[in-house]
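The primary structure of each chain is shown beneath.
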Amino acid sequence: MSDDEQVGDASGKGGRLLGWVFRNLAGPSQVQGAVQGGSRLAREAWKQDLERRKQWSREQRELKRARREARRSGGDGQP
């Protein structure tokens, strides 16, 4: 390869082939309609999963809080 040849274009986009690959195969992710675009059943399942995750987080925070309070009040820290 000589010094004159370059891979891609001067703007650094990688040329026509890489541009096509990016646009058609590995393009940017699209989140528009990610939840709304699915079926009603899928949306409900997603909402239920989200609520279960939030509930688990609340329970974990409450458990940590209870352990901290037990240590402060002279307990052994195990609920």
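See the structure shown above.
Predicted, not measured: the structure shown is a model, and the values here were computed from it. (Residues numbered from 1 in each chain as written. Predicted model: local features only at pLDDT ≥ 70, side-chain atom pairs only at ≥ 80, totals over all residues. Heavy atoms only, no water.)

1. Here we look at the pattern of salt bridges
Here is step 1: Scanning all chains against the criterion turns up six salt bridges.
Here is step 2: When the shortest N-O distance is used, the salt bridge between D49 and R53 registers 2.9 Å. On the criterion of helical spacing, the pair formed by D49 and R53 is a turn pair, its members being four residues apart in helix α2 (residues 40-72).
Here is step 3: Its relative accessible area of 26% is what places D49 among the partly exposed residues.
Here is step 4: R58 serves as the salt-bridge partner of E51, at 2.7 Å between the closest nitrogen and oxygen.
Here is step 5: Classification of E51 as partly exposed rests on a relative accessible area of 41%.
Here is step 6: Taken together, the salt bridges that share partners define one network made up of D49, R52 and R53. (Salt bridge = Lys/Arg side-chain N within 4 Å of Asp/Glu carboxyl O. Helix = DSSP H or I, 4+ residues; strand = E, 2+ residues; numbered from the N terminus. Buried < 20%, exposed > 50% of the residue type's maximum accessible area, 1.4 Å probe, protein only.)

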